[in-house]
Amino acid sequence: MKKYILYCITILIFLCGCGSGANSLPAGSDSGSVTDSGSENSHANKQPLSENISLKGHKAIAFAYNPVSNSLTLFEKNKNTYTAYSLQPGNTWAEMPEQWTVKKSQFLDNFTYGSSGLLYACRKYYDKKGHLRAQSFVQLTNKGKIKTIPLKKLNQTPKSASGTNAKKIRVKNHEVENYSVQDIRFCGTALAITYADHTVKFYNIAEGQALGCDGITGESGRNSFYDYHYISAVPDSSTRKFLLKDYDIRSGELTHTISLFTEKNTTAPYYMANYRERLYLLSADGIFYGNNTENSLTKKIDFSLLGIDASDKIRYFEAARDDVLYIVYENKEAALSLSRLPIR
């Protein structure tokens, strides 16, 4: 009988010890459950989806994407000479044989490839005080020559057409004139030129004549142009969100408005790019994409997965073939980084 009682007491002590041990486990150590904090930590620890591409010591002043060769070009400036480097499959930079030299009072800006793969830029003329006096649209040939492409009244910003909501923005920086070209986009033989005062002018490059409506406004790096449709963002005073508005440049008519599926109050600052009809938008909320004929863009990637710090400044955002994006950003030390991001 005594042995039986001792046996029961031993069992009770053992059971109490097990219960005490379970209560003393660290919080969250139970691998069979997932808490909210655990979910957040796992999200934060995810590796960026983008691929960082080394600039190999190049001091890039600009980038441009060639849709024909499906390659990215980096531009460097040494005194008055500009050199181009093409990104190779192994993420190396190959110097292109051409170099372009301008006079001391001139600068090349707004490098862009046309739909046929030819390289263009804007050649700007400055006085001794650093003020822009004139500019011309030029083709940078493969023989190192700079060929002027005449565009009628390039140095005059368009007057807003009556009946439109276009409003010029006065440039506060005295070293940037209102008629300074800030952005050039091609679609076939048509090109859209966005000025510093946010006015936009459209040209037929073959004829050098302006075409379409002159009452559309836009902003550098925050617009797209395809099939005679220019898309720009306009702030909505009631919601403080940016609405993407699609204009038919031939008539100036607003064809439709594009919204974003996001819970945040604002998407600014944002950057826009397109590859043909495919439209991409980069904001503090992430990457959104869709066709330019749709009424909304869908969020594809959260900003935290881009490998970009919130304090970094976006310097270049471009869409390439096969749903690939190129993003150039600058940190607080003014160092540039280049990322390649596949969307699929």
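Reading the values: rules and limits
Residues numbered from 1 in each chain as written. Predicted model: local features only at pLDDT ≥ 70, side-chain atom pairs only at ≥ 80, totals over all residues. Heavy atoms only, no water. Helix = DSSP H or I, 4+ residues; strand = E, 2+ residues; numbered from the N terminus. Buried < 20%, exposed > 50% of the residue type's maximum accessible area, 1.4 Å probe, protein only. Pairing = 2+ DSSP bridges. Axes fitted to C-alpha atoms, helices over the stretch in contact; angles between N-to-C directions. 1 Å grid on protein atoms, 1.4 Å probe; cavity = no way out; pocket = protein on both sides within 12 Å on 5 of 7 lines; lining within 4 Å. Points joined across faces, edges and corners; volume = space filled by probe spheres on them. Nonpolar A, V, L, I, M, F, W, Y, C, P; charged D, E, K, R; others polar. pLDDT = per-residue confidence, 0-100. Contact = heavy atoms within 4.5 Å.

1. Brief notes about the overall build of the protein chain
In step 1: Looking only at helices and strands, one finds 2 helices and 24 strands in the protein chain.
In step 2: Among the 344 residues that make up the protein chain, the fraction classed as buried is 44%.

2. A look at unusual backbone geometry
In step 1: Positive phi outside glycine occurs at Asn91, with the angle close to 60 degrees.
In step 2: With a relative accessible area of 16%, Asn91 lands in the buried category.
In step 3: Of note, Asp322 is a non-glycine position whose phi angle comes to about 65 degrees, a positive value.

3. Looking at the sheet that holds strand β12 (residues 200-204)
Where strands meet in a sheet, backbone hydrogen bonds hold them as pairs that are either parallel or antiparallel.
In step 1: Strand order in the open sheet formed by 4 strands is β10-β11-β12-β13, and the pairing between neighbours is antiparallel. Edge positions in the open sheet fall to β10 (181-187) and β13 (209-211), since each of these has one partner strand only. Taking each pair of neighbouring strands and ignoring which way they run, the sheet shows an average axis angle of 35 degrees.
In step 2: Examined bridge by bridge, β10 and strand β11 (residues 190-195) share 6 bridges and lie antiparallel to one another. Within β11, the residue paired with Asp183 across the bridge is Thr194.

4. Focus: empty space enclosed by the protein
In step 1: For the structure shown, the criterion picks out 1 cavity of 30 Å³ or more.
In step 2: Counted as a void, the largest cavity has a volume near 30 Å³.
In step 3: Contributing to the lining of the largest cavity are Ser224, Tyr226, His229, Ile231, Asn274, Leu279 and Asn292.
In step 4: For the lining of the largest cavity, the secondary structure elements donating two or more residues are β14 (223-226) and β15 (229-235).
In step 5: The class makeup of the residues in the lining of the largest cavity is 3 nonpolar, 4 polar and no charged.

5. With respect to the confidence of the model for the protein chain
In step 1: Put simply, the protein chain has an average pLDDT of 83, and 77% of its residues get 70 or more.
In step 2: The low-confidence segment residues 1-45 (pLDDT under 50) makes 4 contacts with residues lying over four places distant or belonging to another chain.
In step 3: Counting interchain partners and residues more than four positions distant, the pLDDT-below-50 stretch residues 161-166 has 7 contacts.

6. Thoughts on the sheet that holds strand β3 (residues 71-78)
In step 1: Strand order in this open sheet of 4 strands is β2-β3-β4-β5, and the pairing throughout is antiparallel. Where the open sheet ends on each side, the last strands, each with one partner, are β2 (62-66) and β5 (93-101). The average undirected angle you get between the axes of adjacent strands in this sheet is 25 degrees.
In step 2: In this sheet, β3 lies alongside β2 in antiparallel orientation, the contact comprising 5 bridges. Of the residues in β3, the one forming a bridge with Asn66 is Ser71.

7. Thoughts on the environment of Ser283
In step 1: Relative to the helices and strands, Ser283 resides in strand β19 (residues 278-283).
In step 2: Remark: the alpha-carbon pair of Ser283 and Tyr270, spanning 13 residues in sequence, is separated by 4.3 Å.

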